[in-house]
Each structure stands twice: as C-alpha cells, then as structure tokens.
Amino acid sequence: MLKRVALLFSILFAAPPAAAQDQPYQRQARQILERLVAFRTAAGQGQVPRLIAYVQETLRAGGVAEADMVVIPHEETAALIVRIQGTDAAARPILFSAHMDVVDARPEDWERSPFTLIEENGYFFGRGVLDNKTGVTSLISTILRLKASGQRPRNTLVFTFVGDEETTFGTTELIAAHPWVHNARYAINTDAGGGMLAPNGQPLVYLVQGAEKTFTSFRLTVTNPGGHSSRPRDDNAIYDLARALLRVETYHFPVQATALTRSYLGTLGRIVPGAAGQMLTRFAANPDDAEAAEALRHAPEYVGTTRTTCVATMLDAGHAQNALPQRASAVVNCRIFPGVQPETVRQALAAAIGNDSVRIETMGNPRLSPVSEPNPAVDAMIATSIHSRYPGVPITPYLESGGTDGLIYRIAGIPTWATSGVFIKPNEMFAHGLNERIPVASFYAGIEHIHDLAVALGNAR
Ligand SMILES: [Zn+2]
C-alpha cells in the first residue's frame, strides 16, 4: 500500500521541462504497464499467476534464462523471483522489490475502466498505476535493459515480485526466506518513497522510506449482566466503554525521536512556510521542546512521526432497543513507534483507562520491524539518480505510518529503503481509491530511477 506524507504547500516556482519519452525501452515500458493493468490482481481474483506467466514470457524474450527465474505458489496467488547473476560470486545480492497485487476496483464506480490503461491530460489512469504496477514495470524494464546491455553487474541483482502485499504478506515472507534472497545486503522497495510536487509542478522534497511504525489494534470490551431497559442499573456497559474511550482520547504517548525522524522533520521545516515550519525546525533541533511537540501533536500530517498514536476506529454495542447492553466493544488502532513493544502500549492504555472491568486484547499478530538507518553509499546513489532529473531537490529519509513489504524484509534482517522515483502532487494521490492515476512524466522518471539504481548498486563495492 503506497503511502505518502501529505504536505501543505502554497509555494510557486517555475515548472521543470518535460523529458522526451520516445526511446524504444520507454515505449516498451508503457506497453508493459498497459498489459499489467489489464490483470485484475485483487485478492480472490486468482489473476496473479497469470500476470507472472506474462512477466516470464516477456523476460524470456529478453534473454533471461529459465534457471534465473523461480515462481513460488502460495494459495491463490504466487511470488516471482528473477536474478541477474553478478561477476563476483562472493558479493551478497541486492534486492529490488515490487508488488503485483492491487486493492480491488469496482468498474461501475470509476469514470474510466479501472483495468484498461488510459492516457489522458498527462496522466495514466488505471488501478495499480501508482500502487504498485509502475514499480513492477520498472523492475521488468530494468531487467530487460540490463540484459540488452550485455554487461554483467559485479553484485548479483535479485528482483522480487510480491503477490499479496495488500493483504497478508504471505508471499513476501516466502521471498524473504528464499536462498537467493535471505542473505541480501539490502533491498530497494519501489512501493513507497517518492517526491512531492508543488501545485505548479515544481519538485519540493524527495522522501526515502527507512522505517515503518507497527500497526496494532486493540479490542476494548465491557460486559454486564444487562436487564430490562425500563429498570436502569448504575453500571452500564455502554457508559463504561464510553468513559474508557474518552480516557484513550485524552491520553498522549510520550514524544520519541530518532536520527531518521529528526532529519525528516528538519527537512520539512526548511520547506513548509510559516509557524508550522518553525515548529518542525524547533522539534527537529530539540525533541524536548514541549511547545513544538504540542504544536505537532495537533497536526495530523506530522504527529505520527513524533510518537505512538492510538485512536478509536470502530464501535459495537447492545442487542436491542429495550434491553440494557450486555456487551460493548470498540477497536482502538495504534501506530507504534519503532522499537516499542505492543504489550507496552496495551499496558499504557490500561493504565490510562484505569478500569479493570474494561478488557483490552491485542488483535492479530503485530509485526515489529527495525529502523533501516541511512546508508551513506546508498543515499549517494539515490541522490545522484534523483538529482539528474530534479536538480537540487532536498532528500530525506522518513518513517512510514505502516504497511509495505519493507516491513517483512527488515524483520528478515535486510535493511530496506523504499524509493520509487515517482513525484506527484499531494492531490494526485489516489492509491486504493477511485480513478487512480500517475503523471505520465513521473511514470518514465520512476522507470529511469530504478534502472539507474540497479546499475549503480550492481557495481557498488
Ligand atoms: Zn503498494
């Protein structure tokens, strides 16, 4: 699930010139995207294996040997791994990842057919064009260009195509455990990271995802003997739950900061105008600045980078209009700062609520992932590639609110940075929603970025 940090901008600059898009590999990339969009690879549709068959056929035609491709079936979906073997057998492989599945789209709700690539007004429209079929296209295009060049990289490059990123990450876990992958030096994820454009198209900032928060939900439940509603009792499941939720609302987790989050907020502080920018700058300089921390706590686009957050998202109570409630429950969803245990958060909520009759259960199996600290050599390669198309744009790592394949790779011990190379305006972000689109120029820039990185990382020492 491609996520971006929405920023508030009103800065005016001149727009950069559009790049030519008439190279044979660019025309081929567009054809590949068109074919990929036509597969309705939503969960339950069984289309991922068909998409993989198309990718394999395309790669075979481009000279990829059968022995360098492996398909891993998993329930109704599958994963594909492709490698280009390096000249240095002792060098650890470098991973490039994209996911083939999409969130479903209902054709009757879209203005255009979601499973047909349509170019209109400088955009490609179609389900998955942003999330993450441009990434899939960039991997395929990069493999084909590397094969066509006849040059072998020093390091083995492994390209991983995930089949269920939007749901369970089952194929990602299988990929991470595969012998071609498990000792990877690091991974580049195409499914997050990217640039922000001002309303006039001027690039403002480029973000590299280096960490994710832990997604965890807690179920709060109050039970009660109940009875007839004409005879109210002093204790009531709905009132008890409501009081508990009000305590959750007013409880704030302690401020946290890492080198990565301070770099991110500090970079934004230099870009965002006015009081908001000042508060970002002050917090980045000193996370103990209580006034700045409090200001950022009230800004939905920044609060998640400064602390663990929890918020009530679902409510369910009572069984009849004329009965006292026997049961009331709510879901509280938390985005936990890296390194904090979900159990610690559960106990903090319990202490804030201060009522033992409210049961608090952890839902599902939260996955904690470590921070991938910035790597100067990789950062330099990302910067060289980005600055070749967007000169001088500030680049910073950031903390994702949670939910990409990077999580699984990081848990497996592979430092992972997400860098799609794709620039969009905040109001062009329609991933998972209606009428998903990507600026045509950004599509080609993303293709170029992954190719540039593969060449640079492939030859890195
Ligand atoms: Zn995605």
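Residues numbered from 1 in each chain as written. Predicted model: local features only at pLDDT ≥ 70, side-chain atom pairs only at ≥ 80, totals over all residues. Heavy atoms only, no water.

**Q** When you look at the sheet that holds strand 5 (residues 123–125) in this model, what are you seeing that I'm missing?
**A** One key point about sheets: their strands pair by backbone hydrogen bonds, in either a parallel or an antiparallel sense. Spatial strand order, 4-5-19: three strands in an open sheet with antiparallel pairing. The sheet terminates laterally at strand 4 (118–120) and strand 19 (437–439), the two strands that pair on one side only. Neighbour-to-neighbour, the strand axes of the sheet open up by a mean angle of 25°, direction not taken into account. Of the strand pairs in this sheet, strand 4 and strand 5 are connected by three bridges, and their pairing is antiparallel. (Pairing = 2+ DSSP bridges. Helix = DSSP H or I, 4+ residues; strand = E, 2+ residues; numbered from the N terminus. Axes fitted to C-alpha atoms, helices over the stretch in contact; angles between N-to-C directions.)

**Q** Which parts of the structure should I look at to understand the environment of Glu75?
**A** Summarising the element assignment, Glu75 is placed in the loop between strand 1 (69–74) and strand 2 (77–84). According to the relative accessible area criterion, Glu75 is exposed, its value standing at 74%. Between the C-alpha atom of Glu75 and that of Leu59, which follows or precedes it by 16 residues, the distance is 24 Å. (Buried < 20%, exposed > 50% of the residue type's maximum accessible area, 1.4 Å probe, protein only.)

**Q** I would appreciate a short explanation of the pairing of strand 14 (residues 327–336) in the present structure.
**A** Remember that side chains alternate between the two faces of the sheet whenever the strand is regular. In terms of residue burial, strand 14 counts as a mostly covered element, since eight of its ten residues are buried. For strand 10 (residues 214–223) and strand 14, the ladder comprises ten bridges, and the chain directions are antiparallel. Bridging from a neighbouring strand, Phe215 pairs with Arg335 of strand 14. Of the pairings in the sheet, the one linking strand 12 (residues 309–317) to strand 14 comprises eight bridges and is antiparallel in character.

**Q** Where do I start with the packing of aromatic side chains in this structure?
**A** For any pair of aromatic rings, geometry is given as the distance between the ring centres together with the angle between the planes. Across all of its chains, the model carries eleven aromatic pairs by this definition. Arranged with centres 5.0 Å apart and planes meeting at 75°, the rings of Phe443 and Tyr444 form a pair that is edge-to-face. Summarising the burial analysis for this pair, Phe443 and Tyr444 share the class buried. Site record: aromatic cluster; members linked through ring pairs are Phe124, Phe443 and Tyr444. Its guanidinium or amino end placed over the ring of Phe125, Arg112 lies 3.7 Å from that ring's centre, counting from NZ or CZ. Above the face of the Tyr25 ring, Arg145 is positioned so that its terminal group lies 3.6 Å from the ring centre. (Phe/Tyr/Trp six-rings, centres within 6.5 Å; stacked < 30°, edge-to-face > 60°. Lys NZ or Arg CZ within 6 Å of the ring centre and 35° of its normal.)

**Q** Is there a simple way to think about unusual backbone geometry in this case?
**A** The phi angle of most residues is negative, glycine excepted, and most peptide bonds adopt the trans form. Backbone torsion omega between Asp131 and Asn132 reads 10°, so that peptide bond is classified as cis. Residue position: Asn132 is located in the loop between strand 5 and helix 3 (133–149). Unusually for a residue other than glycine, Glu75 sits at a positive phi of about 50°.

**Q** Looking at this structure, I do not really get the nonpolar core. What am I missing?
**A** When a protein is soluble and globular, its nonpolar side chains tend to lie buried together. Residues Phe96, Phe159 and Phe161 are the most contacted members of the largest nonpolar core, which totals 47 residues. Those residues within four positions of Phe159 in sequence are excluded, and the remaining contacts are Leu80, Ile81, Val82, Ile84, Phe96, Leu139, Thr142, Ile143 and Leu146. Counting 26 residues, the second largest nonpolar core, distinct from the first, contains Phe218, Ala330, Ile353 and Ile360. (Core = buried A, V, L, I, M, F, W, Y, C linked by side-chain atoms within 4.5 Å. Contact = heavy atoms within 4.5 Å.)

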